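Descriptive structure summary
Residue strings, one per chain:
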Amino acid sequence: MVVERGGHTRRDILKAALGGAAGIALAAPVRNLAAAPAQTPEVAGTVRLADDLFVLRIPGQTNVVAHTGPDGVLLVDGVSAGASEALAQAVAGLPGGGSVQTIFNTHWHPEQTGSNEHFGKAGKTIIAHENTRLWLATDVTWPWSGRRFTRAPRIAQPNKTFYTTGTLPSDSIRYGHIPDAAHTDGDLYVYFPRQNVIAVGDVVSGQGWPVVDWTTGGWIGGIAGGIQRLSTLVNEETRIVPARGPVLGVADLKVQYAMYSTLYDRLTQLLNKGRGPTEAVAARPAKEFEAQMGDPDEFVRRAFESLWAYLSPDA
Ligand SMILES: [Zn+2]
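Numbers given to residues run from 1 along each chain, matching the order in which its sequence is written. For a predicted model such as this one, the threshold for reporting local features is a pLDDT of at least 70, and the threshold for listing and counting side-chain atom pairs is 80 or more; totals across whole chains, interfaces and linings nevertheless cover every residue. Based on all heavy atoms of the structure, the side-chain values leave hydrogens and waters out of the count.

**Topic: the overall build of the protein**
Check the secondary structure of the protein and you find 11 helices and 16 strands. Out of the 315 residues belonging to the protein, those deemed buried represent 53%. Nonlocal contacts in the protein, meaning residues at least 24 apart in sequence, comprise 65% of its contacts between residues at least 6 apart. For the protein, the accessible surface area stands at approximately 13500 Å², while carbon and sulfur atoms represent 52% of it. Secondary structure elements follow DSSP: runs of H or I no shorter than four residues count as helices, runs of E no shorter than two count as strands, and numbering proceeds from the N terminus. Summary of the burial criterion: residues with accessible area below 20% of their type's maximum are buried, those above 50% are exposed, and those between are partly exposed, where the area comes from a 1.4 Å probe applied to protein chains only. Any two residues whose heavy atoms approach within 4.5 Å at even a single point are treated as in contact. For the accessible areas, the method is Shrake-Rupley and the probe is 1.4 Å, while residue cover comes only from the protein chains on display.

**Description of the coordination of the zinc ion**
Ideal values differ by geometry: the angle at a metal is 109.5 degrees with four tetrahedral donors, but 90 or 180 degrees with six octahedral donors. Sites may look incomplete, because water is not among the atoms used; the donor set itself consists of N, O and S atoms within 2.8 Å of the metal (3.2 Å for Na, K and Ca). Distances from the zinc ion to its protein donors, His107 (NE2), His109 (ND1), His183 (NE2) and Asp202 (OD), fall within 2.1 to 2.4 Å. Its four donor atoms give the zinc ion angles of 91 to 172° at the centre, a pattern that matches the irregular case. Sites are called tetrahedral only when four donors show all angles between 85 and 135 degrees, square planar or octahedral only when four or six donors show opposite pairs over 155 degrees and all other angles between 65 and 115, and irregular in any remaining case.

**What to know about the layout of surface pockets**
Lining residues are those with an atom within 4 Å of a point, where the points come from a 1 Å grid over the protein atoms alone and group into cavities, where a 1.4 Å probe fits but cannot get out, or pockets, open sets with protein on both sides within 12 Å along at least five of seven lines. Grid points are joined across faces, edges and corners, and a volume is the space filled by probe spheres set on the points. Volume-wise, the largest pocket comes out at about 300 Å³. Taken together, 16 residues form the lining of the largest pocket, with Pro110, Thr113, Leu136, Thr150 and Ala152 sitting closest to its centre. Counted by class, the lining of the largest pocket contains nine nonpolar, five polar and two charged residues. In this classification, Asp, Glu, Lys and Arg are treated as charged, Ala, Val, Leu, Ile, Met, Phe, Trp, Tyr, Cys and Pro as nonpolar, and every other residue, Gly included, as polar.

**Side note on helix H8 (residues 250-272)**
Between its first and last C-alpha, H8 extends 33 Å over 23 residues, near the 33 Å set by a 1.5 Å rise per residue. Two residues or fewer after H8 comes glycine 274, characterised by a positive phi angle close to 85°. What a helix is expected to span follows from its residue count: subtract one and scale by 1.5 Å.

**Considering empty space enclosed by the protein**
In the structure shown here, the tally under the stated rule is one cavity of 30 Å³ or more. Each pocket or cavity is described by its volume, and for the largest cavity that value is around 50 Å³. In terms of lining, the largest cavity is formed by Asn63, Val65, Val76, Asp77, Thr106, Ala199, Val200, Gly201, Val241, Pro242 and Ala243. Those elements that place two or more of their residues in the lining of the largest cavity are strand E15 (197-201) and strand E16 (239-242). For the lining of the largest cavity, the element with the highest residue contribution is E15, accounting for three residues. Residue composition of the lining of the largest cavity, by class: seven nonpolar, three polar and one charged.

**A short note on unusual backbone geometry**
A positive phi is found at aspartate 171, a non-glycine position, where the angle reads about 60°. Look at serine 172: it is not a glycine, yet its phi comes out positive at around 55°. Exposure remark for serine 172: the relative accessible area of 46% places this residue in the partly exposed category.

**Describing the side chain of threonine 238**
When you line up the elements, threonine 238 lands in the loop between helix H7 (220-231) and E16. For the purposes of these results, a polar contact is taken to be a pair of N or O atoms within 3.5 Å, where, inside protein, one atom must be able to donate a hydrogen and its partner to accept one; residues adjacent in sequence count only when each atom of the pair is a side-chain atom. A polar atom in the side chain of threonine 238 sits 2.8 Å from the side chain of asparagine 196. A distance of 2.8 Å separates the side chain of threonine 238 from the backbone nitrogen of asparagine 235, its partner in a polar contact. With near-sequence residues (within four places) excluded, threonine 238 lies in contact with Tyr191, Asn196, Ile198, Leu248, Gly249 and Val250.

**So, the sheet that holds strand E6 (residues 72-76)**
Pairing between strands is defined by DSSP: at least two bridges between the two strands are required. With respect to topology, seven strands assemble into an open sheet ordered E3-E4-E5-E6-E7-E8-E11, the strand pairing being mixed. Unpaired on one side and paired on the other, strand E3 (45-50) and strand E11 (160-162) mark the two borders of the sheet. Ignoring strand direction, the axes of neighbouring strands in this sheet form an average angle of 20°. Here strand E8 (residues 125-129) runs beside E11; their pairing, made up of three bridges, is parallel. What counts as an axis is a line fitted to C-alpha atoms, over the stretch in contact for a helix, and the angles between N-to-C directions run from 0 to 180 degrees.

**Notes on the pattern of salt bridges**
Here a salt bridge means any side-chain nitrogen of Lys or Arg lying within 4 Å of a carboxyl oxygen belonging to Asp or Glu. All chains considered together, the criterion is met by 14 salt bridges. A salt bridge links glutamate 305 to arginine 302, with the nearest nitrogen and oxygen atoms 2.9 Å apart. Placement of both glutamate 305 and arginine 302 in helix H11 (residues 297-311) is noted, with a separation of three residues, approximately one turn of the helix. A single network of salt bridges, built from pairs that share partners, joins Asp52, Asp171 and Arg194.

Here is the structure:
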């Protein structure tokens with residue numbers, strides 16, 4: 001079953017998105033996706049991207065992007081709730097750092113939104129896509145693991161939401177929805193034009209296989225489509241900050257696009273032959289990527305299930 005969206009079927013849109021860059025992307029050599037560029041050592045601490053832009057790496061937490069300016073500090077993503085104090089210390093140690101005034105949630109997962117309660121109580125602005133607010137306002141259970149996420153108190157929910165794009169007066173920062181549903185249906189990017197840096201949350205993984213959270217909209221076609229979309233927003237010099245792993249470049253996007261579109265094709269073929277998730281895992285569709293990316297079984301199972309969830313949302 002295919003769902004209508006704006007006069008096109010989802011399959012048409014996907015086909016167009018996947019067709020666009022396949023020629024160049026598929027020719028790109030696969031290299032170690034986890035390899036860090038020399039200027040971004042994979043260690044805890046603060047990585048300086050510009051005089052006023054940093055990546056905060058707090059042990060056990062996902063990346064936080066911090067922008068300093070006359071209007072205070074802006075963060076892209078927080079940390080999990082228990083690490084809020086460590087985050088405050090990292091912000092206090094920034095050159096030119098004041099207090100945090102604004103925080104973006106790239107999506108609803110607790111690794112990104114755990115500090116919301118702290119900032120919400122302090123009256124700060126929490127910006128997210130409207131879908132992220134909706135997921136935070138309800139209970140979510142992952143059927144594959146039984147993990148349950150309890151709704152956030154109102155004070156911890158985003159207090160400034162949007163649907164498509166937006167800008168901030170400070171440094172002309174631009175942000176927008178990534179509507180492909182790569183990781184969730186509320187994914188956003190934040191682009192810093194002067195520093196030519198884009199923060200992309202979990203839409204791009206810099207470290208191992210991503211979680212395919214099909215319960216809240218993510219799917220394998222969206223991973224390929226979202227990476228393709230991001231590659232139209234960047235140039236050769238843009239630095240891309242994912243939620244996990246080192247800072248990436250546009251070449252990494254091309255490699256990832258090639259890999260995920262290959263996996264999408266293979267899983268779709270298995271689906272069309274009537275296979276199920278266990279058979280998809282057994283077929284080893286990610287065989288040539290295993291050495292670099294690690295054991296793919298969990299990812300393949302979730303990615304296959306995500307096709308069912310996406311193509312038959314009423315099932
Ligand atoms: Zn996530």
